[in-house]
Amino acid sequence: MGTCDSTMGLRNTLIVMALLLSVSTIPFSGAASLKSHAFFNETGELPCHFPNTQNLSLDELVIFWQDQNKLVLYELFKGQEKPNNVHPKYIGRTSFDQDSWTLRLHNVQIKDTGSYQCFIHHKRSQGLISIHQMSSDLIVLANFSQPEISLIANQTEKSNIINLTCSSMQGYPEPQGMYVNLTTKNSTITYDAVMKKSQNNITELYNVSISVSFPIPPETNVSIICVLQLEPGKIILSLPCNIEIIKVEGKESEQTEKRVELQEPDRSDEVQCDVNISKTASGNKSATDF
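Keep in mind that this is a model prediction, so the values were computed, not measured.

About the thresholds
Residues numbered from 1 in each chain as written. Predicted model: local features only at pLDDT ≥ 70, side-chain atom pairs only at ≥ 80, totals over all residues. Heavy atoms only, no water. Pairing = 2+ DSSP bridges. Helix = DSSP H or I, 4+ residues; strand = E, 2+ residues; numbered from the N terminus. Axes fitted to C-alpha atoms, helices over the stretch in contact; angles between N-to-C directions. Core = buried A, V, L, I, M, F, W, Y, C linked by side-chain atoms within 4.5 Å. Buried < 20%, exposed > 50% of the residue type's maximum accessible area, 1.4 Å probe, protein only. Contact = heavy atoms within 4.5 Å.

Overall, antiparallel pairing links the 4 strands, which are arranged S10-S11-S15-S14 in an open sheet. Every other strand in the sheet has two partners, leaving strand S10 (148-152) and strand S14 (196-199) as the edge strands with one partner each. Strand-to-strand, the axes of this sheet are offset by a mean angle of 20°, without reference to chain direction. As defined by bridge partners, S14 adjoins strand S15 (residues 206-215) across 4 bridges and the pair is classed as antiparallel. Bridging across to S15, Lys196 finds its partner in Ser209.

Here we take up the nonpolar core. Membership of the largest hydrophobic core comes to 30 residues, with the highest contact counts inside it found for Ile63, Trp65, Leu73, Phe96, Trp101 and Leu138. Those elements that provide at least two residues to this core are strand S3 (61-67), strand S4 (72-77), strand S7 (102-105), strand S8 (114-124) and strand S9 (127-141). Here this core gets 4 residues from one element, more than from any other, and that element is S4. Among all residues touching Ile63, those that are not within four sequence positions of it are Leu58, Tyr74, Glu75, Leu76, Phe96, Trp101, Phe119 and Ile120. The next biggest cluster of nonpolar side chains, apart from the first, holds 27 residues, and it includes Ile162, Met195, Val222 and Cys241.

Moving on, we get to the sheet that holds S3. Read across the open sheet, the 6 strands follow the order S1-S9-S8-S3-S4-S5; overall the sheet is mixed. In this open sheet, the two edge strands, each paired with only one partner strand, are strand S1 (33-39) and strand S5 (80-81). Relative to S4, S3 runs antiparallel, the two sharing 5 bridges. Paired with Ile63 across the bridge in S4 is Leu76.

Here is the structure:
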């Protein structure tokens, strides 16, 4: 009896293993989730990748997509759209591409980031038979504007410090940091600062900025560039702000004795600002011209 029971147990185990192997060979598109990217206010794609090996027509199928909260984005019932079953937040925002079995979601927002599923059922006389499903993850991005440098007027006429701010707007996700590179003929110095950020409650987009102060360098030509660090290996650069240091010999002129009033520089496609700084030989006072 022990030998017989052992043989029967082994046979049952082998049968179960064979069934598992046969099931595992059936392709199941829902097992892996595809990632797709879309930009804010543009169109995202939610693929279904239905092979349709039986050449079924749309009249034989029931197709729908739902989000991670089980809200229906789109339904096609035997070739007819069913907008009454679609959640209000998705009404008028979708279009179905039959050739690629892809649902396009228009005017995507940051809050549309998430997981989606498509389901395809075969409508038969005995009812609906599920024949395909697939998951996809939609990631919504927004490009930050090119960083802009703004020079700030010195607090006193004796100030030997350059003050500036750098800002970038309307981006997502939150960037990792922001800094300023000051480059001369022989070196580059990086000035870090705490990045200030604000997020819009409706769009969820970020605005970021930093404020930096540093002494006027002794070199005659200086270039300042603001760097927005989005993620490792991905940055956005501002246009360069070029500063020319002009040393003035002898007595200080009236211009250097007056408080310096900085004006917003004109923008161009190649250079964000050109600044001339007059500096006395003693280096105690300076004046700035654009």
